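Here's the letter readout for the chains.
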Amino acid sequence: MSRIFLQKRGLFFLMIVFLMLLPLAMPVKAENFDRSQYIYDFAHLLTDQEAADLQNLAKELGEARETAFIILTVSGTDGKDIVQYVEDFYDENAPGYDQPHGNTAILAIDMQERDIYLAGFKKAEQYLGDGRLDQIRENITPDLSDGHYFQAFLAFITTSHEYMGYEPSDGSSSDGYSGYGPGESSDGYNGNDSGADPENIFFQWWFQLIASIIVAAVIVAIMAYRSGGRVTVNAGTYMNSDQSRVLNKYDNFVRQTVTKQRKPSNNTNSGGGGGITGGGHSHSGSSGKF
Amino acid sequence: MILHYKCPGCGSDMGFDAESGELSCEACGRHENIENYPEELKSVRFSEDEANEYHCENCGAVLITEAETAATSCSFCGAGVVIADRLSGTLAPAKVIPFTISKEEATKAFQKWCRKGLLTPKGFMNADRIKSLTGMYIPFWLFDLNSKVQVNATCTKVRTYEQGDYIYTETKYYDAFRDINLDYVKIPVDASEKMNDQLMDKLEPYPYDQLKDFKTPYLAGYIAEKYNYTDEELLPRAKDKISGYIESYIQSTLTGYHSVNYTNKHIDTRNKNSDYVLLPVWMVSYDYNNSEYTFAMNGETGKIVGKPPISTSKVAMWFSGITAGTFLALKCVSLMMGGGFW
Ligand SMILES: [Zn+2]
Ligand SMILES: [Zn+2]
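Residues numbered from 1 in each chain as written. Chains lettered and ligands numbered in written order. Predicted model: local features only at pLDDT ≥ 70, side-chain atom pairs only at ≥ 80, totals over all residues. Heavy atoms only, no water.

1. Examining the environment of Lys122 of chain A
Residues and elements named next belong to chain A.
Then, in step 1: Position of Lys122 among the secondary structure elements: in the loop between strand S4 (115-121) and helix H4 (123-127).
Then, in step 2: Overall, the relative accessible area of 16% leaves Lys122 in the buried class.
Then, in step 3: Placed 19 residues apart in sequence, Lys122 and Asn103 show a C-alpha to C-alpha distance of 4.9 Å. (Helix = DSSP H or I, 4+ residues; strand = E, 2+ residues; numbered from the N terminus. Buried < 20%, exposed > 50% of the residue type's maximum accessible area, 1.4 Å probe, protein only.)

2. Let's talk about the sheet that holds strand S7 (residues 282-289) of chain A
All names here are of chain A.
Then, in step 1: Ordered in space as S1-S2-S3-S4-S7-S6, the six strands form an open sheet in which the pairing is mixed. Of all strands in the sheet, those with a lone pairing partner are strand S1 (39-41) and strand S6 (275-276), marking the two edges.
Then, in step 2: Inspection of the sheet shows strand S3 (residues 104-110) paired to S4 by seven bridges, in the antiparallel sense. Considered in S4, the bridge of Asp110 is made with Asp115.
Then, in step 3: Helix-sheet contacts for helix H6 (residues 149-163) involve strand S2 (68-74), S3 and S4, and the interaxial angle to S2 is about 155 degrees. (Pairing = 2+ DSSP bridges. Contact = heavy atoms within 4.5 Å. Axes fitted to C-alpha atoms, helices over the stretch in contact; angles between N-to-C directions.)

3. Quick word on the coordination of the zinc ion (ligand 1)
Residues and elements named next belong to chain B.
Then, in step 1: At this site the zinc ion (ligand 1) is bound by Cys7 (SG), Cys10 (SG), Cys25 (SG) and Cys28 (SG), with donor distances of 2.2 to 2.3 Å.
Then, in step 2: Around the zinc ion (ligand 1), the four donor atoms are arranged such that angles at the metal cover 99 to 119 degrees; this shape is classified as tetrahedral.
Then, in step 3: When the donor residues of the zinc ion (ligand 1) are listed from N- to C-terminus, their spacing reads C-x2-C-x14-C-x2-C.
Then, in step 4: Judged by its relative accessible area of 4%, Cys7 falls in the buried class. (Donors = N, O, S within 2.8 Å, 3.2 Å for Na, K, Ca; no water. Tetrahedral: all angles 85-135°; square planar, octahedral: opposite > 155°, others 65-115°.)

4. Details of the pairing of strand S7 (residues 69-73) of chain B
Remark: a regular strand shows side chains that alternate across the two faces of the sheet.
All names here are of chain B.
Then, in step 1: Taken across its five residues, S7 has four buried, putting it largely inside the fold.
Then, in step 2: Pairing analysis gives two bridges linking S7 to strand S13 (residues 223-225), with the strands arranged antiparallel. Bridge pairing in S13 links Ala71 to Ala224.
Then, in step 3: Pairing of S7 with strand S8 (residues 80-83), which is carried by three bridges, proceeds in the antiparallel orientation. Each bridged residue has a counterpart across the sheet, and for Ala71 the counterpart in S8 is Val82.
Then, in step 4: Here S7 folds back onto S8, and the loop between the two strands holds six residues, one of which, Gly78, carries a positive phi near 85 degrees.

5. Here's the deal with the UniProt feature "transmembrane region" (unreviewed entry) in chain A
Then, in step 1: Per the UniProt entry, the sites bearing "transmembrane region" (unreviewed entry) are residues 205-225 of chain A in this numbering.
Then, in step 2: Segment residues 205-225 of chain A splits into 100% helix and 0% strand. End C-alpha atoms: 30 Å apart. (UniProt positions renumbered as here; feature names shortened; annotations may be inferred.)

6. Some remarks on a negative patch on the surface
Residues and elements named next belong to chain B.
Then, in step 1: A surface patch of like charges, here negative, comprises Glu19, Glu26, Glu104 and Glu105.
Then, in step 2: You can see Glu19 is positioned in the loop between strand S2 (14-17) and strand S3 (22-25).
Then, in step 3: Overall, the relative accessible area of 64% leaves Glu19 in the exposed class. (Patch = residues over 30% accessible without salt bridge, like charges linked within 9 Å, V, L, I, M, F, W, Y side chains within 5 Å. Areas by Shrake-Rupley, 256 points an atom, 1.4 Å probe, with all protein chains shown as cover. Salt bridge = Lys/Arg side-chain N within 4 Å of Asp/Glu carboxyl O. Lys, Arg positive; Asp, Glu negative; His and termini not counted. Charge placed at Lys NZ, Arg CZ, Asp CG, Glu CD.)

7. Quick notes on the pattern of salt bridges
Residues and elements named next belong to chain B.
Then, in step 1: Applying the stated criterion across every chain yields a total of 18 salt bridges over all chains.
Then, in step 2: Measuring nitrogen to oxygen at the nearest pair gives 3.1 Å for the salt bridge that ties Lys95 to Asp213. With Lys95 in strand S9 (residues 95-96) and Asp213 in strand S12 (residues 212-213), the pair connects residues that are 118 residues apart, well separated along the chain.
Then, in step 3: Here Lys95 falls in the partly exposed class, since its relative accessible area comes to 28%.
Then, in step 4: A single salt-bridge network, built from bridges that share partners, covers Asp197, Asp201, Glu204, Arg237 and Lys241.

8. Digging into the sheet that holds S2 of chain B
All names here are of chain B.
Then, in step 1: Strand order in the open sheet formed by three strands is S2-S3-S4, and the pairing between neighbours is antiparallel. Looking at the sheet topology across the chains shown, the edges are occupied by S2 and strand S4 (31-32).
Then, in step 2: Here S2 runs beside S3; their pairing, made up of four bridges, is antiparallel. Its bridge partner being in S3, Asp17 is matched across the sheet by Glu22.

9. Topic: the nonpolar core
Then, in step 1: Residues Phe110, Tyr137, Leu219 and Phe295 of chain B are the most contacted members of the largest nonpolar core, which totals 69 residues.
Then, in step 2: By residue number, the principal contributor to this core is strand S10 (residues 130-163) of chain B, which donates nine residues.
Then, in step 3: Both of domain 1 (2-140 + 191-227 + 277-305) and domain 2 (142-186 + 231-276) of chain B provide at least three residues apiece to this core.
Then, in step 4: Apart from the residues lying within four places of it in its own chain, the contact partners of Leu219 of chain B are Ala71, Val82, Leu87, Tyr137, Phe214, Ala224 and Leu278 of chain B.
Then, in step 5: Counting 48 residues, the second-largest nonpolar core is a separate cluster that includes Leu54, Ile82, Phe121 and Leu128 of chain A. (Core = buried A, V, L, I, M, F, W, Y, C linked by side-chain atoms within 4.5 Å. Domains from an automatic or database assignment.)

10. As for the packing of aromatic side chains
Then, in step 1: Throughout the structure, instances matching the rule amount to 31 aromatic pairs over all chains.
Then, in step 2: Between the aromatic rings of Phe110 of chain B and Tyr286 of chain B, the centroid separation amounts to 5.8 Å while the plane-to-plane angle is 55 degrees, which identifies the pairing as tilted. Of the two residues, Phe110 of chain B is situated in helix H1 (residues 103-116) and Tyr286 of chain B in strand S14 (residues 259-288); the sequence distance between them amounts to 176 residues.
Then, in step 3: Using a relative accessible area of 0% as the deciding quantity, one classes Tyr286 of chain B as buried.
Then, in step 4: Here Tyr184 of chain B and Tyr245 of chain B contribute two aromatic rings whose centre-to-centre distance is 6.2 Å and whose plane-to-plane angle is 40 degrees, an arrangement assigned as tilted. Remark: Tyr245 of chain B occurs in helix H4 (residues 231-252) and Tyr184 of chain B occurs in strand S11 (residues 166-190); sequence separation between them is 61 residues.
Then, in step 5: Judged by relative accessible area, which is 17%, Tyr245 of chain B ranks as buried.
Then, in step 6: Here a set of aromatic residues connected by ring pairs shows up, and it is made of Phe110, Trp113, Phe124, Tyr286, Tyr288, Tyr293 and Phe295 of chain B.
Then, in step 7: The lysine or arginine in question, Lys123 of chain A, covers the ring of Tyr127 of chain A, its NZ or CZ lying 5.4 Å from the ring centre.
Then, in step 8: In this arrangement the basic side chain of Lys265 of chain B is found over the ring face of Tyr262 of chain B, its NZ or CZ atom lying 4.2 Å from the centre. (Phe/Tyr/Trp six-rings, centres within 6.5 Å; stacked < 30°, edge-to-face > 60°. Lys NZ or Arg CZ within 6 Å of the ring centre and 35° of its normal.)

Dropping the structure here:
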C-alpha cells in the first residue's frame, strides 16, 4: 500500500518537475523525447511484454535512486564508435530522472559489432564509477552472449540500483560539479570511481556474522582456558643474561640463484572508461564485447 | 626425632607467623627470631632404622603421618611438630621460602579470586564451601643448568625486483654458524609425587630473594613433605622446561633471513648445581555440586591456579554478547568504508 502511495507521490512529483522544466528545455531534439521512457529496443531483442516489464522496473527502481536506468539496443551505429553513440544519445536526447541531462545510467549494445557500453552520468557517474560498471558489465556479459537479453537487462537495472545504495568513496578527480537532482545535497562529490566494492565479501552480512561468531568462540575459549591460571614465566625468567651469549658466529655467503618470471599482463578484453561528451557532460563508462 | 616449639615465656605451643616471619606464641604474644635459630640437622645422623611411629612431644598422642610427612600438626592437641629425621642428612633442605600469606589472607584472596571468575557459576563465586585450606611446604629442586649450543644452518635471503617485462627473484644462500653459551639458574621442579606438575608449573615464579637458609621452625604449624624424587631423577624434566627457551634463543640469533634450515644442532645441557628447597603453597579444597575442586596458591605471591567449574549459561552469555558486539562493530566499519549498513 505504501509503495503504491510512494509511486503515486513520485509520479506527482515527476509531473511537477516536468511542468517546471518544460519551458527551459533547450536541446533541439529534446522536446520530442519522452524522458519517462527508459527502454529503447531499436534492435528488437525484447517482446512487448518484456519491454513493458523492464520499463516498470526501471521506473520503480529509478525513483529510489533518482536515476534514469536506460536500456538502448541498436543494430549498427552509423559507423560511430559505441561510446560516441551513447554520448551523442545523451547530448541530443537529454535523458535524466527529473531534468534534462540529469542522473542517467545507460546500457547500450550494438548487435552488429556485438559491442556493449555502460555509462553513468551525474549521480550515476559517481555511484557507478568505471570499476563498478566493469563489474556490472562482467556480470551480464555471459547472458548477452547466450542471447538472454531480458535477463541481462534485468540484471543491469537491479545491480545498478543495488550498487547505487553503496556510498562511492571520495576519489580525487578534478571535474567537480554540483546540483544533480532535488533532494540530493550537493556535497561536491566528484566522479572518479574506486568506490568501496559492494561485492566485497567483507560487506556481506553472513561473512560479518561468521567472523563475529569465530571471534567470540576464540575469546570465550581463551577465557575458559585462562580460568585455571596460566604460566607467567618466560624465556627470560630463569636466564642468567650475564653468562648467556653467542660466543662465536659466522655467516658465510655461499651462492645465489636468480629466477625470472614474465610480468602478468593486464589485457582483459575491457577497455575505455568514462569521458566527456561533445556537449560537455562528463561520464563514467565500461565497454566490452559479448 | 620430633621437634616441637615451646614458648620460653609461658610454655604454650609456638607456630610460624607468616606476617612477621618469626615464631610466635598465640598465648602470650612472644616472638622468636628464626634466622638466628641454631640448626644442626645437616650434620646430625639419625639411626637407620627410622621409626614409623611418632608420638607428640606435647601430649603423647600418636602422630598420624605418611611416609613423606616432614612436618605436621598433632591431630589431638594441635601443636606444630617437625619430624627431624626426615629433614636431615641428604634430606636436609638447603633453603626455604617461608609463607608470607597467612591463612586468613589466603582465605580472603581465594574468595576474591572466585568472585573475579568471569565464567564461574554464581554458586561457586560465593566461595563459602571451602572444605580445607592447608599450608604446605612442597619439596622442589632448583636446578642451575648450563647449555652449550652449536648450530649450523643454511639460510636464505630473498629479494625480488622488476626489470623490463620480468620479475626477478634473487635468492642468496648463507652458511651460518652459532656457538652459544646459555645459563639458566634456579629452575624449579617439584619433587613431590602427589603434586600435579602442570599445576605447580603455573604457580611460578617464586621470588627467590625471599629464599632463607633452612631452619625447622619455619615449618611449625604447616605441613611439609620430603622429596620423592632425587635431583638426578628430575634432571630430564628440568631440561625439558628450558628446551623451548633454548630454541627461541637460537632463533633470535638467526634473524634477518627469509628461511633457516638447520643442518646441525648440538645442545649439551649439564646440571651445574641443584638445591633442595621447600616452597610455600596453600592447597584449597573446595566442594561444589558434589564434586571436589583443588586449587593451589603461591604462599608468597598469592597467585592462584586450578580449574574452576565453568557455567554454561555464562559461557552462552559471553559468547552471544561478544558475537553481537563484534557484529555491530563490523557493521560500523563497513559503513565507514562505504559499504552500507545492510
Ligand atoms: Zn608464650
Ligand atoms: Zn599433641
